[in-house]
Structures are given as C-alpha cells and as structure tokens.
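Structural overview
Residues per chain, in single letters:
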Amino acid sequence: MEAYNAEAGKEALAELTPASFEEETPMKPRGLFAKIKYYEEYLDKKLGIESHSLDRVLPEARDPPNSLAMAFMWASATMNISCFSTGFLGKQFGLSLGQTIPTIICSTLIGAAVTGWCATMGPETGLRQVAISRYSLGFYPSSIIALLNVIEQLGWASVNCITGGLALSAVSDGRVSIAVGVVIVACVSFLFSFVGLKGVLLYEQYAWMVFFVIFMIIYGESAHRADLAAPATVSGITKSGNVLSLFSVVYGSSASWSSIVSDFYVHYPVNISKVKVFLYTTLGIAIPTCIGMLLGACISSALDTNPEWAAAYDKGIGEILQEIIYPRGFAKFLLVLLVLSGIGVNCIAIYSGALSAQLFAKPCAKVPRAIWSTLVFGCILALGIAGRDHLLDVLENFLSLLGYWNTSFFIILFSEHYFFRGGNVANYDLDAWNTPSKMPIGFAGLTAFLCGAAGWILGMVETYYVGAIARLIGRDGGDIANELALVFSGVSYIPLRVLELKYIGR
C-alpha cells in the first residue's frame, strides 16, 4: 500500500505543471479593470458570459447557431412599436395610403439588402463589422465608424425605450409615467445584453412569434378601417419630395443594421452559403419591418374619419393601440407583451454599442465589455427620458441620419471587396485585423467617406436643416442624401484607392 501511495504521489507531482498550478490558484488581479475582467472571464467559464468578444473567431472554435436565427433575430428586433410608429410618417408627409404602401415596401427591401450584403462578410472572416471596415477605411479612420455605431445604437435603443414607455403608461392608465416605462424597458434589455451573444440570440430567436401573433390580431381589428380612398394632401413636385423623404427615413431604418450585422454572424461556418446569409438577413429584416410599418400606415389613414382613434393618437402610440384592440382587458395584456418588442432592439443595440466602443481605439479595448455595456445603458436611459415627448420628430430625424452614413459605409466596403480584393476573402490578411501597420492607411477610405458626407449635407431634409439641393424639390424639400452619398463615396473611393495602393502599397 505504501509503495502504491508513493507511486501515485510521484504521478501527481509530475502532472502539477506551472500552467496547471496557475489555473488552480490564479493570482489576485490588481486594479479595477483587471478585477472586472477577471470576474467576467470567470462567469464566461461558468455561465457562458462572453469575455473575449473582440477576438477573431477561428473556424475551428465556432459554435454555430441555427441558420434560421439569422432571420428570426432580426424579426424580433424589427417587429416592434417603433416600426409601427414609423408607419404614421406617411400621413405626416401628406401622402395617401396608396402612395405610402409601395414607398415603404421598396425602401425597406433596398435598405435590408444593403444589410444583407454586409452580413455575408461575418462568417467568412470571423470578425466584427467595425474590424472588417479596417480593410477599406483604414485602421484609424474606422474609429469614426465605431463612434457613429455607438451613437446609432444609443438612438435606436432610446427610441424603443420611449415607445415601450408609452405602452406601459397606456396600460396603467397613466399611473406609470413614460419615464418609469423607459427605465423598465432599458433595465430588462441590459440584463440580456450583459450575457453577451448567447443571451441576445436566446431572446431574439423566439420573441418574434409573440409579436407576430399580436400584430396579426391588430390587423384583424383595424384593417377594415383603412382608408385607401383618402387623397394625398400634397401634389406635384412637393409630393415627389415628400415621397423621397419618406423613402429616406424607412430605408435608414433597415440599412442602419449594416454597420453591426456581422457582430452576430461570427460563429457561422466559413463555408455557409452566402446566398443563404443574404436572403435570410434581407427577408428577416424586410418582412417584419413592413408588417409593423404598413399597420401603422393603415391605421393613420383612418384617423380623419375616426375621431376616437384620432383623440387616442394625440395622447400617444400606446393609447391608440389600446383604443383599437378590444376587449379592454385583452388590450392591456397585449400592450404589456408589446413592450417586450422594444427589448429585442435594445439587446442588439447595447451589445453592439459596447463592442463598437471597445473597437474605437486600442486603449478602449482594455476596458471590459461589462463596463461599456453599463455606460451604454446609462446613456440610453438619459436619452430615452429626455426625448419621451417627441417620438415622431426623433424618428424622422434620427432614422434619416442613420441611412446617410450607412450608405457611404456600404459602398466603400463593397468597392474594396470586389474591385480590389477580387470578391475573395482569401485576399484579406485576417490575422492582421488588429495590426495598424498591415491595414490601409485610410487616405482613400476617409476621403471617400467625407465626400459622402458632402452628399448628405447637400441632399438631407431634417427639421433643423434642409440641404441646398434637397430644398429645390418641392415646398418641403426632397431627401436625396442617400442617393448623393452613394454616388459621391462610390465614385471617389475607387480612383483614390488606386492611388493609395500605388504610392503607399497597402
């Protein structure tokens, strides 16, 4: 027995390598960030909390979700009260229902297709969308995209907190203020996004079913009131300008995902069909978005002939939904469920907002994702509470601005991929994604992006500013900022990139 114990002791000592000793008795972390990172990694091992969210996901380390999750997650994120609210903008622009419906469908499909193409880069590279942009915009100029991403996600989440707060206020008959509703929606969203990609996908894959059923119920109770005969209140070139402006807003709501979409696709296999990724993403965004927006457009067309609905709408989005759905107890139940629809967008927004903050600069990457998620959450609360009484103005201005810069972002990535890398990911040095000296210097990308910005300024229509070209289209102006951004950025990037490669070599 003693001989046996001695032999076993020798084997145990042989297995006790320095690495194993460190693993069993880790050194106590020093400093706040180090401690947070330590516990983040501990929770990653125990619960699957994502602690290495920035690293490139290698093909052999991937844990692919169900392919249909590519469609379902966007369905949960877009079939919500915010998209429903956006449908009311057609009436605000003075357009008839017959003009609003095709405008919404076409602009949604085009914006979703922009996001769908960007999505195909995620599985191939295993990189987040901002990291992918470094191969065209350059390492340091891509920080602009990271910053804009953070602003974009803050805006999206605050809009959804506002709509959720309006719904909760309506359910409680005003006893719960909109501000309290904003806080509740933001807090629940934060819990899911804090877990990381697994937590986001867990919610997004299934939540859409509930919202789809609710929207179908509302269609059943309201569609017969839609007024296709109601004429537009604008005509001639003013009508054309307002159609362009509505197109810009709706397109922006779908194209805005293009700068973050790959963040959620890094675990899919490298050899997954690009056509499948494109179609699942495009249709997963376009169909649910149209369901919500067209419902809003149909209900808005009936406001002039239905004084009860008009009076309820003046009190808020939640009030008109409560007026439409019957019986009243059932309406309150559905409104509570619809509040959860804002959580889908917020989960995505908080998760990607934190990632983009980390990718802004190398020092930012050292700050744990948990801290960035908490900071993004705090900003969302502040914006949601501050803008709670101005929902349609926020939607009109904010969603248009999203489309502008995402159009420039898309055309630069698209041009780089097909004109300079032959449409083949093998021509990307994927291991160098975080090495500035191996990335383009950014002369071409940054200049093309700024040229696109010149297009935005000339073609934008916002409540605070109308561009010099846009104001020529009708009384209220016609928003052609996306079209100008596409042309200005696309035309300038290719020759500038040729010069950059010739004289700088990368």
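The paragraphs below set out a description of the structure included in this document. Computed from a prediction, not measured in an experiment: that's the story for all the values here.

For the rest of this paragraph, the subject is the overall build of the chain. Of regular secondary structure, the chain possesses 22 helices and zero strands. Every one of the 506 residues in the chain was classed for burial, and the buried ones make up 57%. Looking at the chain as shown, the accessible area adds up to about 20,800 Å², and 67% of this sits on carbon and sulfur atoms.

Attention now goes to the environment of N160. Tracing the chain through its elements places N160 in helix α10 (residues 142–171). Expressed as a C-alpha distance, the spacing of N160 and S82, which sit 78 residues apart in the sequence, is 6.0 Å. When residues no more than four places from it in sequence are discounted, the contact partners of N160 are N80, S82, V185, G342, V345 and N346.

Packing of α10 against helix α17 (residues 328–358) leaves a shortest axis separation of 8 Å and a crossing angle of 165 degrees. Taken together, the axes of α10 and α17 are roughly antiparallel relative to one another. Crossing angle aside, the handedness with which α10 passes α17 is left-handed. Looking at the contact of α10 with α17 residue by residue, the class counts come to 15 nonpolar, nine polar and one charged.

Take the pattern of salt bridges next. This model, assessed by the stated rule, comprises seven salt bridges. The partner of R421 in a salt bridge is E416, with the nearest N and O atoms 2.9 Å apart. Like R421, the residue E416 is buried in the burial classification. A salt bridge links R497 to E500; the shortest N-O distance between them is 2.9 Å. Taken together, the residues span about one helical turn, with R497 and E500 both in helix α22 (residues 481–503) at a distance of three residues. Each of the two residues, R497 as well as E500, counts as buried. Counted as one network, the salt bridges with shared partners bring together E416, R421, R497 and E500.

About the criteria used
Residues numbered from 1 in each chain as written. Predicted model: local features only at pLDDT ≥ 70, side-chain atom pairs only at ≥ 80, totals over all residues. Heavy atoms only, no water. Helix = DSSP H or I, 4+ residues; strand = E, 2+ residues; numbered from the N terminus. Buried < 20%, exposed > 50% of the residue type's maximum accessible area, 1.4 Å probe, protein only. Areas by Shrake-Rupley, 256 points an atom, 1.4 Å probe, with all protein chains shown as cover. Contact = heavy atoms within 4.5 Å. Axes fitted to C-alpha atoms, helices over the stretch in contact; angles between N-to-C directions. Parallel < 35°, antiparallel > 145°, perpendicular 65-115°, else oblique. Left-handed = near helix turned anticlockwise from the far one by under 90°. Nonpolar A, V, L, I, M, F, W, Y, C, P; charged D, E, K, R; others polar. Salt bridge = Lys/Arg side-chain N within 4 Å of Asp/Glu carboxyl O.

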